[in-house]
Amino acid sequence: PAYTASSMQAVIDSISTPFIDVSNSLARAHIDHAIGLGEYQSWQSDGERYRRLVDISPPGKAFRDALAGIRESGGAEPMYTALDQVATGSGILRPSQGRSVPADQQANWRTGTYRIIINDSDEDPDANGNDPDGPTLVAAAAHMRAKHIHHVGLQIKRELPQQAPTDSALNSQSQALSNHLRRLSALTDTFAPSGGVDCNGDGR
């Protein structure tokens, strides 16, 4: 799922091509893969707590169009709710705050596949309080683990124009997000193999 708050529009635009490039690379390597897309915005007011845009399916026009069509909207980040809905599709029909989430929006994985959620965000999900109608980090991770889903966090590091890169509040929030993403990955048994992973092709 992609976090689509107002701070993320430039990021959404910039990562569309790399995601499609990765899919094309997998296809050229004859690696059978499928992909889906969801978004989460806010548990407050009129934000989308979670919405599945494209279910798990062979990559193609539907995914490209959905990725290109994502537009930002501000709010308090319901990361754990979104991850939980991807895993369970339980819905939130009568929330105490904000909009409801229709049921049956889970990712419908193929049998026998290696399942990965790439979760991109730039905000500490607890900065504005956790979704009062959603799960905790631990509960969301447990539901993902029950479905054999691995979590890969994609942390977007941002610098607001009116703040210096050394701003303590911004750095504190960035570290908090990093801790949350690492914990989610650890709780879903998502670890690099022995020797690590060469992420940038430099041989290290």
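Chemist: Could you give an account of the overall build of the chain, naming the residues involved and the relevant values?
Modeler: Along the chain, the regular secondary structure elements total five helices and five strands. Reading the chain from its N terminus to its C terminus gives the helix and strand order β-α-β-β-α-α-β-α-β-α. Counting only carbon and sulfur atoms, one obtains 52% of the accessible surface of the chain, whose full area is about 10,800 Å².

Chemist: An account of the pattern of salt bridges is needed here, citing residue identities and associated values.
Modeler: Under the definition given, this model contains eight salt bridges. Across the pair arginine 49 and aspartate 133 runs a salt bridge whose closest N-O atoms are separated by 3.1 Å. Taken together, the positions of arginine 49 in the loop between β2 (35-40) and β3 (51-57) and aspartate 133 in the loop between β4 (115-121) and α4 (137-146) put the pair 84 residues apart, joining distant regions of the chain. Overall, aspartate 133 belongs to the partly exposed group, its relative accessible area being 23%. Between lysine 61 and aspartate 65 there is a salt bridge whose closest N-O contact spans 2.5 Å.

Chemist: Give me the lowdown on the environment of isoleucine 70, citing residues and values where you can.
Modeler: Turning to its location among the elements, isoleucine 70 is positioned in the loop between α2 (61-69) and α3 (79-88). Along the chain, isoleucine 70 and serine 16 lie 54 residues apart, while their C-alpha atoms are 9.9 Å from each other.

Chemist: Run through the environment of proline 135, naming residues and quoting values.
Modeler: Mapping proline 135 onto the fold places it in the loop between β4 and α4. Distance from proline 135 to glutamine 85, taken between C-alpha atoms, is 9.8 Å for residues 50 residues apart in sequence. What proline 135 contacts, discounting residues up to four positions off in sequence, is Tyr80, Thr81, Asp84, Asn130 and Ala140.

Chemist: So, unusual backbone geometry: which residues are in play, and what are the values?
Modeler: Within the chain, histidine 148 stands out as a residue other than glycine whose phi angle is a positive 60 degrees. As for its position among the elements, histidine 148 is in the loop between α4 and β5 (149-155). Unusually for a residue other than glycine, aspartate 189 sits at a positive phi of about 55 degrees. Mapped onto the secondary structure, aspartate 189 falls in the segment after α5 (168-187).

Chemist: How would you explain the pairing of β2 if you had to name every residue and give the values?
Modeler: Most of β2 is tucked away: five of the six residues are buried. Relative to β3, β2 runs antiparallel, the two sharing four bridges. Bridging from a neighbouring strand, isoleucine 35 pairs with serine 57 of β3.

Chemist: Quick rundown of the nonpolar core? Include the residues and the values.
Modeler: For soluble globular proteins, the rule of thumb is that nonpolar side chains tend to be buried together. Met79, Leu83, Ile117, Met144, Ile149 and Leu184 are the most contacted members of the largest nonpolar core, which totals 21 residues. Only α3, α4 and α5 provide two or more residues apiece to this core. Here this core gets six residues from one element, more than from any other, and that element is α3. If you look at the next biggest cluster of nonpolar residues, it comprises seven residues, including Ile35, Leu37, Ala66 and Ile70.

Chemist: For α2, give the residues involved together with the corresponding values.
Modeler: Of the residues making up α2, those classed as buried are Phe63, Ala66 and Leu67. Summarising the axial view, the buried residues of α2 lie within an arc of 100 degrees, below the 170-degree limit, and thus occupy one face.

Chemist: Go over the confidence of the model for the chain with me, naming the residues and quoting the values.
Modeler: Overall, the predicted model of the chain reaches an average pLDDT of 85, with 84% of residues at or above 70. The element-level mean pLDDT for the chain is lowest in strand β1 (residues 2-3), coming to 55, with α4 highest at 97.

Reading the values: rules and limits
All chains use their own residue numbering, which begins from 1 and follows the written sequence. Predicted model: local features are reported for residues with pLDDT of at least 70 only, side-chain atom pairs are reported and counted for 80 or more only, and whole-chain, interface and lining totals are derived from all residues. Only hydrogens and water are set aside; all other atoms, that is, all heavy atoms of the structure, feed into the side-chain values. Each helix is a run of H or I in the DSSP string that is no shorter than four residues. Each strand is a run of E no shorter than two, and both are numbered from the N terminus. Throughout, the Shrake-Rupley method with a 1.4 Å probe supplies accessible areas, and for residues the shown protein chains are the sole cover considered. Take a side-chain nitrogen of Lys or Arg and a carboxyl oxygen of Asp or Glu: if they are within 4 Å of each other, that pair is a salt bridge. The cut-offs for exposure are 20% and 50% of the maximum accessible area for each residue type, with area from a 1.4 Å probe on protein chains only; residues under the lower value are buried, those over the upper are exposed, and the others partly exposed. Working rule for contacts: check all heavy atoms of both residues, and any pair within 4.5 Å makes them a contact. Any two strands between which DSSP finds at least two bridges are classified as paired. Within this scheme, the nonpolar core is defined by two criteria: the residues are buried Ala, Val, Leu, Ile, Met, Phe, Trp, Tyr or Cys, and they are joined through side-chain atoms within 4.5 Å. Here, the arc refers to the directions that run from the helix axis to the C-beta atoms. Per-residue confidence from the prediction method is given by pLDDT, with values spanning 0 to 100.

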